[in-house]
Each structure stands twice: as structure tokens, then as C-alpha cells.
Amino acid sequence: MSLRPHPARDPGGPVSPRTPLRFGYGTNGLADLRLDDALALLADLGYDGVGLTLDHMHLDPLAPDLAARTRRLAQRLDALGLGVTVETGARYVLDPRRKHGPSLLDPDPDDRARRVDLLIRAVRVAADLGAHAVHCFSGITPAGTDPDTAWHRLADALTPVLEAATAADVPLAVEPEPGHLLSTLADFHRLRRTLSDPEHLGLTLDIGHCQCLEPLSPVDCVRAAGPWLRHVQIEDMRRGIHEHLPFGDGEIDFPLVLAALTTTGYQGLTVVELPRHSHAGPHFAELSLPFLRSAEATAARSPIPVPIPAPLHGDPSATPEGSTS
């Protein structure tokens, strides 16, 4: 089954260089709001969509009647005119004592299977919602686990998830996460090659993470990642410090980044990622969209930079593969 052009899914294909980007806000930054209240807020503020983190307070993936609850949510999203990405970064949804545990890298195969089950559930939810992608990440390499073993576990665990994603025609978008086994764009390409470049394996690019640790600038990361982009997260950040910041509090040149993103032809959601600011989520949601639209307008008034082709092997990062630094 192949991906077909869809305004909420297909990041490729020829598009106008001035096609507006589609901005969303992550529910992990609105954790103190009921889901329906969060969605109504985002629609009222003018957002195009939502990054929906499956969690106990927002569409609990482990509670009964998930399919029925998902159908009701799909109707609500349609009524509000919101697109959606399904995100799977809830801190304690599987284990109340281990942040993001268990992971795809856990030594216990039963624990890895629990994470795999969550991701397959997320794929089904995404298909029912018409989401443009399912986001996931590798997890931190467990103590005492050698890198080769960790990479083998990751590829093995993702295989059934990719099978489900292919059957549902929903891209799986893996995020390079600082400190994780898969932490850089080079690591993403290692996974892609290991799995023989499956069509439904794509990339979540977090713009702040590019500023934090990639050797290329965020603009060059966007250009290099373009062919594999299936989901984008965005926030401000400083070099070498993995701290998600409100726009203007970090070092990123957002007009240049958004201009580069536009030229890739990406048409999915670009989702504001401020999970540690959830205590003031409505405030930051209100501020973030005007900032992004202003940056986009600034980019539109300037000549759009000509994209620099990605390296032929697709590896823009000089960081050694498998790095967790």
C-alpha cells in the first residue's frame, strides 16, 4: 500500500512555495485542561490542529471503549476543523513509577511488548482520527546494554508497529530525542537503513532539538530532513541545553526555519511542544500562534532560500550513529 497525496498526510509533491504552514499545539502542554476544553481553546485561537498525546487525561489508550471514544473525538475534531497528529510521549501512561517506561529497548521482552502494544494502539487511533502521522521515539539505552543489542531491539520492536502502520496507511514518525539511543538525524538514517527503508517509516523533526545538539543549524537540518518529514515539533531552545522554551527565549531564527520548512513541501502539522509549561498552557498557546504567523510572514517578505540538497546517503549529522550525548 502506498501513501496517497492528502492535505494532512503527504509531505511531498509539488506545492506552492507560499503555501501557508499548518500550526498545532500539543496537548502535553495543556495537561491541566479537559481534552474537549483544550480542543475548543485551540480552535478559538485559530490553530490548524493538535498534537494529541495519548495519556490518562487525554484519550487514555488503556481505558475501556477506546474505539468508541476515538469515534467521538473524530467527530469533535471535524466539527472544530482541527487536524491531528497522534503523539506517544506520555510520561507515565504505561508505568506510574518510570518516566517513559517501559521503552522499546527494555531488557525484558514483555516490557518491550507493552510499548509495542501502545504504539499499535496509537496507529489504530490515528487511522480512526484521520491523523497525518504517529509519533514515537526509541527510549534511553538501559544500563549495561551494548549499542548493537539496543539497535537490534529497536529494529525488532518497531517491525510489528510498521506492519500495522503500513496496513493502516499511517506514517510512523520517529523522533530523534536528546539522550536516547536514536538522538540525531544520523541515527534516524541508521534505523531507516537497518529496516530496509520502509515507506511508512518517517521522521519527527523537533526544531529545538536541532538547535540543542545537531552539528548543522536548524535551517540546514530542515533542508536535509525534508524527504523524510512526517511530523514537526517546534519551540525555542539554546545550544547544548535540552530545555523546551517559549518562542523568543532561546536562540533560534524562526523566519529562516519556517522559510526552509515551506520549501520542503511539508504539509503536515507543525506542533508547538511546551510540555513543561502546561501550568500556563492557555497563556502560551495564545502567545505562540501569533509569534509563528509573524515569523512566517517575515519569511514570506524575504527571498526564500534555495534548499541545499541533502547528502546522498541522507546523513546530515556528523555525530556518531547511536550516540546518546
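Predicted, not measured: the structure shown is a model, and the values here were computed from it.

A few words on the packing of aromatic side chains. Tallied over the full model, the rule gives four aromatic pairs. Seen in terms of ring centroids, phenylalanine 247 and phenylalanine 254 are 5.1 Å apart; in terms of plane orientation they differ by 90°. Their pairing is edge-to-face. Taken as a pair, phenylalanine 247 and phenylalanine 254 share a single burial class, namely buried. Under the relative-accessibility criterion, phenylalanine 247 is labelled buried at 13%. An aromatic cluster of at least three residues, connected via ring pairs, comprises Phe247, Phe254 and Phe291.

Before going further, it helps to spend a moment on the nonpolar core. Tyr25, Val86, Leu154, Leu158, Leu191 and Leu205 are the most contacted members of the largest nonpolar core, which has 80 residues in total. The element contributing the most residues to this core is helix α4 (residues 147-168), with nine residues. Ignoring sequence-local partners within four residues, the contact set of leucine 191 consists of Trp151, Leu154, Ala155, Leu158, Val174, Leu182 and Leu201.

In the predicted model, the protein chain carries a mean pLDDT of 90, and 87% of its residues have values of at least 70. Scored below 50 in pLDDT, residues 1-17 makes 38 contacts in the model with residues more than four places away or belonging to other chains. Every residue in residues 306-325 scores below 50 in pLDDT, and together they form 51 contacts with partners more than four places removed in sequence or on other chains.

With that settled, the discussion passes to helix α7 (residues 218-225). Of all eight residues making up α7, seven are buried, and the element is well covered by its neighbours. Where α7 is concerned, the buried positions are Pro218, Val219, Cys221, Val222, Arg223, Ala224 and Ala225. Next to the buried residues of α7 lie α5 (185-194), β6 (201-206), α6 (207-213), β7 (229-234) and α8 (254-263).

Moving on, we come to the packing of α8 against helix α9 (residues 281-301). Where α8 meets α9, the closest approach of the two axes is 8 Å, and the angle between their N-to-C directions is 75°. Taken together, the axes of α8 and α9 are roughly perpendicular relative to one another. In contact with Phe254, Pro255, Leu258 and Ala259 of α8, α9 contributes Phe291, Leu292, Ala295, Glu296, Thr298 and Ala299. Residues belonging to the contact of α8 with α9 are distributed by class as follows: eight nonpolar, one polar and one charged.

Rules of the game
Residues numbered from 1 in each chain as written. Predicted model: local features only at pLDDT ≥ 70, side-chain atom pairs only at ≥ 80, totals over all residues. Heavy atoms only, no water. Phe/Tyr/Trp six-rings, centres within 6.5 Å; stacked < 30°, edge-to-face > 60°. Buried < 20%, exposed > 50% of the residue type's maximum accessible area, 1.4 Å probe, protein only. Core = buried A, V, L, I, M, F, W, Y, C linked by side-chain atoms within 4.5 Å. Helix = DSSP H or I, 4+ residues; strand = E, 2+ residues; numbered from the N terminus. Contact = heavy atoms within 4.5 Å. pLDDT = per-residue confidence, 0-100. Axes fitted to C-alpha atoms, helices over the stretch in contact; angles between N-to-C directions. Parallel < 35°, antiparallel > 145°, perpendicular 65-115°, else oblique. Nonpolar A, V, L, I, M, F, W, Y, C, P; charged D, E, K, R; others polar.

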